Amino acid sequence: MIEDKSPQRTPIESLGEFGLIDHITKNFEISNYSTVTGIGDDAAVLKHTKSTVITTDMLVEGVHFDLSYAPLRHLGYKAIMVNLSDVYAMNAKATQVTVSIAMSNRFPVEAVNELYEGIHMACKAYEVDLIGGDTTASRSGLVISVTAIGEQDADKIVRRRGASDGDLLVVSGDIGAAYMGLQILEREKAVFKANPQSQPDIEAYSYLLERQLKPEARKDIIKLLQDLEVHPTSMIDLSDGLSSEIIHLCKHSEVGITIYEDKIPLDPTVITACEEFNLDSTTIALSGGEDYELLFTVKQEDFPKIKANPSLSVIGHVVDASLGINLVTRDGQQVPIKAMGWNSFKE
């Protein structure tokens, strides 16, 4: 099969703003009863019967992603996941999203199609409605801003505050994989720059790359906790790194936390990659970001309900604020935890 060396490039200006909006949103369907009016009017109309949860996040080219190795389809999917994760971190059901993009004229219509294919895939998989947004020009690069909306009974919403002395600290899934996936991508980018003829051998890193390029928000954990009749006392999602998120929980709940190094869930591929890069896996678990797992506290009496579940790991417990925030190492040393996570304002 002969590869097409000149793929079609349709200038965005040939459609115009409204033509582009019609083009990229034509396949989106409404699936939630709370969406009264979606795309097509001056504003969307919603009718939630419960408390409404709203969150917004922005992804900026060169700060949050690198298009030299981030496929646009994956980027669209990830942009939705980043926001849905925040809704689930409130123990709420995600129902709608708005998506706004700013892009330079280097992006043809076909590129926008790819981005929205990923957005459509995410909305369909997680049963959320795209109800609006905006498109505009950018003089620097691609910017994606997503607002996610959800709902939950007022008494079931979980906040960062609420943890108390004796509660257990629990994390879903495993952590550190997304950060190590980024290290793999950055390494292969450097190799390619030095030798454009080189072909990356990344099959062994597929799990790490997927966690970085196409993460999944943990909607399943919210349902699991509901089925187990476990109501978290506090919760946050792991976007900026375990250490930073633990500190957020402690600050808002006015407590301390002790975690145990040997309880931190690490996938074997993370440990192997850390050895390859000469990195400490515990440091990566604490400081790496973009895992989008859920970190939460539960009462001790709920331990029997969660102890045998492979999706949940108890990694520590809540203590009095005077005892601080500490990591107990494998050899029994107690080390203060400092914020080492992602900071977009840091050079």
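Owing to the predicted nature of the structure, the values given are computational and were not obtained by experimental measurement. (Residues numbered from 1 in each chain as written. Predicted model: local features only at pLDDT ≥ 70, side-chain atom pairs only at ≥ 80, totals over all residues. Heavy atoms only, no water.)

Caption draft 1: A look at the sheet that holds strand E4 (residues 93-103). On the basis of which strands lie adjacent, the open sheet formed by 4 strands has the order E3-E6-E4-E5 and mixed pairing. On the outer flanks of this sheet lie strand E3 (51-60) and strand E5 (129-137), each paired with one strand and no other. Taken over all neighbouring pairs, the strand axes of this sheet differ in orientation by 15 degrees on average, direction set aside. In the sheet, E3 pairs with strand E6 (residues 143-152) via 10 bridges, with the strands oriented antiparallel. (Pairing = 2+ DSSP bridges. Helix = DSSP H or I, 4+ residues; strand = E, 2+ residues; numbered from the N terminus. Axes fitted to C-alpha atoms, helices over the stretch in contact; angles between N-to-C directions.)

Caption draft 2: Expanded view of the nonpolar core. Core analysis: the biggest nonpolar cluster contains 52 residues, and Ile80, Leu84, Val97, Val99, Tyr116, Ile144 and Phe296 have the highest contact counts within it. Of all the secondary structure elements, the ones that give two or more residues to this core are E3, helix H2 (72-88), E4, helix H3 (109-126), E6, strand E7 (168-172), helix H6 (219-227) and strand E10 (294-298). Top contributing element to this core by residue count: H2, with 9 residues. Sequence-distant contacts of Leu84, that is, excluding residues within four places in its chain, are made with Ala94, Val97, Tyr126, Val128, Ala148 and Ala217. Ala177, Ile184, Ala273 and Leu286 belong to the second-largest nonpolar core, a separate cluster that totals 37 residues. (Core = buried A, V, L, I, M, F, W, Y, C linked by side-chain atoms within 4.5 Å. Buried < 20%, exposed > 50% of the residue type's maximum accessible area, 1.4 Å probe, protein only. Contact = heavy atoms within 4.5 Å.)

Caption draft 3: Here's a closer look at the environment of Phe28. Secondary-structure assignment places Phe28 in the loop between helix H1 (16-25) and strand E1 (35-37). It is 14 Å that separates the C-alpha atoms of Phe28 and Thr95, two residues lying 67 residues apart in sequence. Ignoring sequence-local partners within four residues, the contact set of Phe28 consists of Tyr116, Ile119, His120, Cys123 and Leu130.

Caption draft 4: Quick peek at the layout of surface pockets. Approximately 560 Å³ is the volume attributed to the second largest pocket. In this structure, the second largest pocket is lined by 21 residues; those nearest its centre are Asn91, Lys93, Gln152, Ile222 and Gln226. Top contributing element to the lining of the second largest pocket by residue count: H6, with 5 residues. Residue composition of the lining of the second largest pocket, grouped by class: 6 nonpolar, 6 polar and 9 charged. (1 Å grid on protein atoms, 1.4 Å probe; cavity = no way out; pocket = protein on both sides within 12 Å on 5 of 7 lines; lining within 4 Å. Points joined across faces, edges and corners; volume = space filled by probe spheres on them. Nonpolar A, V, L, I, M, F, W, Y, C, P; charged D, E, K, R; others polar.)

Caption draft 5: Spatial organisation of the confidence of the model for the protein. Confidence in the prediction of the protein, expressed as mean pLDDT, is 91, and 92% of residues score 70 or more. Under a pLDDT of 50 for its full length, residues 1-5 has, in the predicted model, 0 contacts with residues more than four places off or in other chains. (pLDDT = per-residue confidence, 0-100.)

Caption draft 6: Quick look at the side chain of Gln96. Structurally, Gln96 can be placed in strand E4. Among the polar contacts made by the side chain of Gln96, one reaches the side chain of Ser34 at a distance of 2.9 Å. (Polar contact = N/O pair within 3.5 Å; in protein donor to acceptor, adjacent residues only side chain to side chain.)

Caption draft 7: Inspection of the sheet that holds E7 at higher detail. The strand order across the open sheet built from 7 strands is E8-E10-E7-E11-E9-E12-E13, with neighbouring strands paired in mixed fashion. With one partner strand each, in any of the chains shown, strand E8 (234-237) and strand E13 (334-336) form the two edges of the open sheet. Strand-to-strand, the axes of this sheet are offset by a mean angle of 25 degrees, without reference to chain direction. In terms of strand pairing, strand E9 (residues 256-260) meets strand E12 (residues 325-328) through 4 bridges, oriented parallel. Each bridged residue has a counterpart across the sheet, and for Tyr260 the counterpart in E12 is Val328.

Caption draft 8: Main features of empty space enclosed by the protein. One pass over the structure, following the stated rule, counts 1 cavity of 30 Å³ or more. By volume, the largest cavity amounts to about 40 Å³. Lining the largest cavity we find Leu72, Met103, Phe107, Ala111, Val112, Leu115 and Leu142. Broken down by element, the lining of the largest cavity gets its largest block of residues, 3 residues, from H3. Broken down by class, the residue content of the lining of the largest cavity amounts to 7 nonpolar, no polar and no charged.

Caption draft 9: Region of the structure containing the environment of Val63. Mapped onto the elements of the fold, Val63 is located in the loop between E3 and H2. Sequence spacing of Val63 and Val328 is 265 residues, and the spatial spacing of their C-alpha atoms is 33 Å.

Caption draft 10: Examining H3 more closely. Compared with the 26 Å implied by 1.5 Å per residue over 18 residues, the 26 Å span of H3 between its first and last C-alpha is a close match. Residues Val109, Ala111, Val112, Leu115, Tyr116, Gly118, Ile119, Ala122, Cys123 and Tyr126 constitute the buried set of H3. Among the residues trailing H3, Glu127 stands out with phi positive, at a value near 55 degrees. (Expected span 1.5 Å × (residues − 1).)

Caption draft 11: Quick look at the packing of H2 against H3. Two elements in contact, H2 and H3, have axes whose closest approach is 6 Å; the angle formed by their N-to-C orientations is 35 degrees. Here H2 and H3 pass one another in a crossing that is right-handed. From H2, Leu72, Arg73, Leu75, Gly76, Tyr77, Ile80, Met81, Leu84 and Tyr88 reach across to H3, where they touch Ala111, Glu114, Leu115, Glu117, Gly118, Ile119, Met121, Ala122 and Tyr126. Its residues assigned to classes, the contact of H2 with H3 shows 13 nonpolar, 2 polar and 3 charged. (Left-handed = near helix turned anticlockwise from the far one by under 90°.)

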